[in-house]
Each structure stands twice: as C-alpha cells, then as structure tokens.
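# Observations on chain architecture
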Amino acid sequence: MERVDQNGERREIDPGQLAEYDQMEAHFQDLTSKFMHLRDDMKQAALSQDTAAIASLTREMDRIVRQEWPHAKPAEINFIMYLIHMVEQARVWTENTFS
C-alpha cells in the first residue's frame with residue numbers, strides 16, 4: 001500500500017502506519033458522532049425550552065472539546081464549532097435533498 005507524502009510523492013506504507021491511520025479515523029468518526037448527537041439533543045432541548053438540558057449538553061460538548069484539544073485557543077475552538085456546524089448543515093441538506 002502507498003501514501004502520498006507532503007511533497008506529493010508516493011511512498012510505501014507499513015502495516016503499523018496503516019493501523020495507526022485506521023485508529024485515528026475511527027476516533028474521528030466516533031468524535032463526529034458524539035458532536036452530532038449532542039447538537040441534535042441541544043436542538044430538541046431548545047425546541048422544548050429545556051434550559052437545564054441545554055446547559056448540561058453545552059457543558060458536555062465543552063468537556064469533549066477541551067479533552068480533545070486541551071491547549072486550543074478560543075479562536076481555534078470557535079473554528080472547530082464552525083466546522084461541526086458545517087457538517088450538520090451538510091447532513092440536513094443531504095437529508096432534505098434525498099428524502
């Protein structure tokens with residue numbers, strides 16, 4: 001198996017690197033799923049005006065973000081939240097388009 005390095009050249013990849021990449025992808029998939037479920041739960045809490053649930057869910061999202069990126073600056077966290085919003089918008093667009 002090969003990968004493309006920073007210079008655009010193809011390089012062989014060893015099984016250990018492949019396993020590391022697979023683990024990273026699985027972690028990102030799990031993280032994205034957590035964020036998306038939290039966002040859905042936040043929307044439902046907002047619609048039902050459940051401020052206690054909104055506060056709890058916001059704290060949980062903040063905890064996960066700070067656990068994953070403990071040294072992130074506020075601007076970086078804002079960018080992460082923006083990206084999560086973009087993923088959510090893409091999901092909603094896809095659901096609406098193909099339903």
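Residues numbered from 1 in each chain as written. Predicted model: local features only at pLDDT ≥ 70, side-chain atom pairs only at ≥ 80, totals over all residues. Heavy atoms only, no water.

### Notes on the pattern of salt bridges
As enumerated under the stated definition, the model contains 10 salt bridges in all. When the shortest N-O distance is used, the salt bridge between Arg 91 and Asp 40 registers 3.3 Å. Linking Arg 91 in helix α3 (residues 74-98) with Asp 40 in helix α1 (residues 15-47), this pair joins segments that are 51 residues apart in sequence. Relative accessible area serves as the criterion here: at 25%, Arg 91 is assigned to the partly exposed category. Across the pair Glu 60 and Arg 63 runs a salt bridge whose closest N-O atoms are separated by 2.8 Å. Residue Glu 60 and its partner Arg 63 are located together in helix α2 (residues 51-68), separated by 3 residues, close to a single helical turn. (Salt bridge = Lys/Arg side-chain N within 4 Å of Asp/Glu carboxyl O. Helix = DSSP H or I, 4+ residues; strand = E, 2+ residues; numbered from the N terminus. Buried < 20%, exposed > 50% of the residue type's maximum accessible area, 1.4 Å probe, protein only.)

### With respect to the environment of Thr 51
Here Thr 51 shows up in helix α2. A relative accessible area of 61% places Thr 51 in the exposed class.

### Topic: the confidence of the model for the chain
Per-residue confidence for the chain averages 92 on the pLDDT scale, and 100% of its residues sit at or above 70. Put simply, strand β1 (residues 2-4) is where the chain has its lowest mean pLDDT, 82, and α2 is where it has its highest, 95. (pLDDT = per-residue confidence, 0-100.)

### Details of the packing of α1 against α2
Contact geometry for α1 and α2: axes closest at 9 Å, N-to-C directions at 160°. Taken together, α1 and α2 sit at an angle that is classed as roughly antiparallel. Seen from above, α1 lies across α2 with left-handed handedness. Of α2, the residues touching α1 (which contributes His 27, Leu 31, Lys 34, Phe 35, Leu 38, Arg 39, Asp 41, Met 42, Ala 45 and Ala 46) are Ala 53, Ile 54, Leu 57, Thr 58, Glu 60, Met 61, Ile 64, Val 65 and Glu 68. (Axes fitted to C-alpha atoms, helices over the stretch in contact; angles between N-to-C directions. Parallel < 35°, antiparallel > 145°, perpendicular 65-115°, else oblique. Left-handed = near helix turned anticlockwise from the far one by under 90°. Contact = heavy atoms within 4.5 Å.)

### A closer look at α3
With 25 residues, α3 ought to run about 36 Å at 1.5 Å a step, and its terminal C-alpha atoms sit 36 Å apart, in line with that. Of the positions making up α3, those classed as buried are Ile 77, Ile 80, Ile 84 and Glu 88. On the buried face of α3, the contacting elements are α1 and α2. (Expected span 1.5 Å × (residues − 1).)

### Digging into the packing of α1 against α3
Taken N-terminus to C-terminus, the directions of α1 and α3 make an angle of 75°; their axes are 10 Å apart at the nearest point. Judged on the interaxial angle alone, α3 and α1 are roughly perpendicular. Between α1 and α3, the residues in contact are Thr 32, Phe 35, Met 36, Arg 39, Asp 40 and Lys 43 and Ile 84, His 85, Val 87, Glu 88, Arg 91 and Val 92, respectively. Broken down by class, the residue content of the contact of α1 with α3 amounts to 5 nonpolar, 2 polar and 5 charged. (Nonpolar A, V, L, I, M, F, W, Y, C, P; charged D, E, K, R; others polar.)

### Focus: the side chain of Glu 88
With respect to the helices, strands and loops of the structure, Glu 88 is situated in helix α3. Among all residues touching Glu 88, those that are not within four sequence positions of it are Met 36, Arg 39, Asp 40 and Lys 43.

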